[in-house]
Amino acid sequence: MNLVISIINPNGVSTLSDILQKLKLPLMLTLMGHGTATKGMLELLGMDSKERRVVLTAADTEKTRELIQAQRRRLYIDAPGNGILLAVPIKSAGGGKTMEMLSEGQVVKQPPVFNPDYELVLAIANEGCNEQVMDAAREAGARGGTVLHAKGTGAKKAAKFFKVSIAQEKEIVLIVAASDKKSDIMKAILEKAGPGTEAGAIAFSLPVSEVVGFATMNVEKDTD
């Protein structure tokens, strides 16, 4: 099973919802965020807004491939500026009922061990500091990212983690990176925007089994 993350323009949500319903994928969560493209890049792509929607769903390998093809046909996910799709393998689920719901009752095999070409870097920083995080990441080779707004929910007794306040407004920066650049990007974020800085960022990464939508960055992985 994969957690499939689709980062698309707001006007594509209804189309994606229709795709997910036709594929009978049971889970759909939509988050609001914005991209980190510069004004010049937006003009180059013919876009007037950095606003994004991040749609989460769960799918087995076959349905993941079908979802990719459907987004290529209907959302033109491969075209510059139209979005990104990535699949993160789900290692385990909380009980048989959960897995049964996510898989529509199908038998799910244990995913094989693989060496991913790409990884998803997640940097959690203090509100208003996403540019500091992205500046550091770009210097290490990152091409762009997507920012989600969140709020920490740490208990009062655990209000600090590496001197970072937990229970306050946060920004989550999602960066898809080639595996050979991931360590450099994370190191740069922690050195220039990590604990002890205004951003107070912490970072970790997840393996990615499928990536679509990197036509403008020349790093697209063949999923056919």
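Nothing here was measured: the structure is a model prediction, and the numbers come from that model.

Enquirer: What exactly am I supposed to notice about the overall build of the protein chain here?
Expert: Of the regular secondary structure elements, the protein chain holds 6 helices and 11 strands. Per-residue burial over the protein chain gives 44% buried out of 224 residues. Across the protein chain, the fraction of contacts at a sequence separation of at least 24, relative to all contacts at a separation of at least 6, is 78%. Of the roughly 12,100 Å² of accessible surface on the protein chain, a fraction of 54% belongs to carbon and sulfur atoms.

Enquirer: For this particular structure, what's the right way to read the sheet that holds strand E9 (residues 169–178)?
Expert: Backbone hydrogen bonds hold the strands of a sheet together, and the pairing may be parallel or antiparallel. Across the sheet, 9 strands lie side by side as E10-E5-E9-E6-E2-E3-E1-E4-E11; this open sheet has antiparallel pairing. The strands lining the two open edges of the sheet, one partner per strand, are strand E10 (202–208) and strand E11 (210–212). Strand-to-strand twist across the sheet, computed as the mean angle between neighbouring axes with direction ignored, equals 25°. In terms of strand pairing, strand E1 (residues 2–8) meets strand E3 (residues 51–59) through 7 bridges, oriented antiparallel. Across the sheet, the residue bridging to Leu3 is Ala58, located in E3. Strands E1 and E3 of the sheet are contacted by helix H1 (residues 13–22), whose axis makes an angle of about 5° with E3. Relative to E1, helix H3 (residues 61–74) is tilted by about 10°, and along the sheet it contacts E1, E3, strand E4 (83–89) and E11.

Enquirer: How should I be thinking about the pattern of salt bridges in this particular structure?
Expert: Side-chain pairs of opposite charge can arise where the charged atoms are in close proximity. Under the counting rule described, the total for this entry stands at 8 salt bridges. The closest approach of N and O atoms between Asp18 and Lys22, which form a salt bridge, is 3.5 Å. Residue Asp18 and its partner Lys22 are both found in helix H1; the two are separated by 4 residues, about one turn of the helix. Look at Lys22 and you get exposed, because its relative accessible area is 60%. The shortest N-O distance in the salt bridge between Glu119 and Lys182 comes to 3.8 Å. Taken together, the residues Glu119 in strand E5 (residues 118–126) and Lys182 in helix H6 (residues 179–193) connect sequence positions 63 residues apart. Within the structure, one salt-bridge network assembled from shared partners comprises Asp18, Lys22 and Arg74.

Enquirer: Whenever I open this one, the packing of helix H5 (residues 130–139) against H6 confuses me. Can you help?
Expert: Packed helix pairs are characterised by how far apart their axes lie and by the angle those axes make with each other. With their axes 8 Å apart at the nearest point, H5 and H6 run at an angle of 135° to one another. Put simply, H5 runs oblique to H6. You can see that H5 and H6 cross each other, and the crossing is right-handed. In this structure, H5 uses Gln132, Val133, Ala136, Ala137 and Glu139 to contact H6, whose residues at the interface are Ile185, Ala188, Ile189, Lys192 and Ala193. Within the contact of H5 with H6, the residues separate by chemical class into 7 nonpolar, 1 polar and 2 charged.

Enquirer: Even after reading the chapter, I still don't get unusual backbone geometry, so can you show me in this structure?
Expert: Peptide bonds are mostly trans, and most non-glycine residues show a negative phi. The phi angle at Lys24 is positive, at roughly 60°, despite the residue not being glycine. Position of Lys24 among the secondary structure elements: in the loop between H1 and strand E2 (29–35). On the basis of relative accessibility, which here comes to 60%, the residue Lys24 falls in the exposed class. Phi is positive for Tyr76, close to 50°, though the residue is something other than glycine. By relative accessible area, which is 54% here, Tyr76 ends up exposed.

The rules behind the values
Residues numbered from 1 in each chain as written. Predicted model: local features only at pLDDT ≥ 70, side-chain atom pairs only at ≥ 80, totals over all residues. Heavy atoms only, no water. Helix = DSSP H or I, 4+ residues; strand = E, 2+ residues; numbered from the N terminus. Buried < 20%, exposed > 50% of the residue type's maximum accessible area, 1.4 Å probe, protein only. Contact = heavy atoms within 4.5 Å. Areas by Shrake-Rupley, 256 points an atom, 1.4 Å probe, with all protein chains shown as cover. Pairing = 2+ DSSP bridges. Axes fitted to C-alpha atoms, helices over the stretch in contact; angles between N-to-C directions. Salt bridge = Lys/Arg side-chain N within 4 Å of Asp/Glu carboxyl O. Parallel < 35°, antiparallel > 145°, perpendicular 65-115°, else oblique. Left-handed = near helix turned anticlockwise from the far one by under 90°. Nonpolar A, V, L, I, M, F, W, Y, C, P; charged D, E, K, R; others polar.

Honestly, it's all geometry; don't read function into it.
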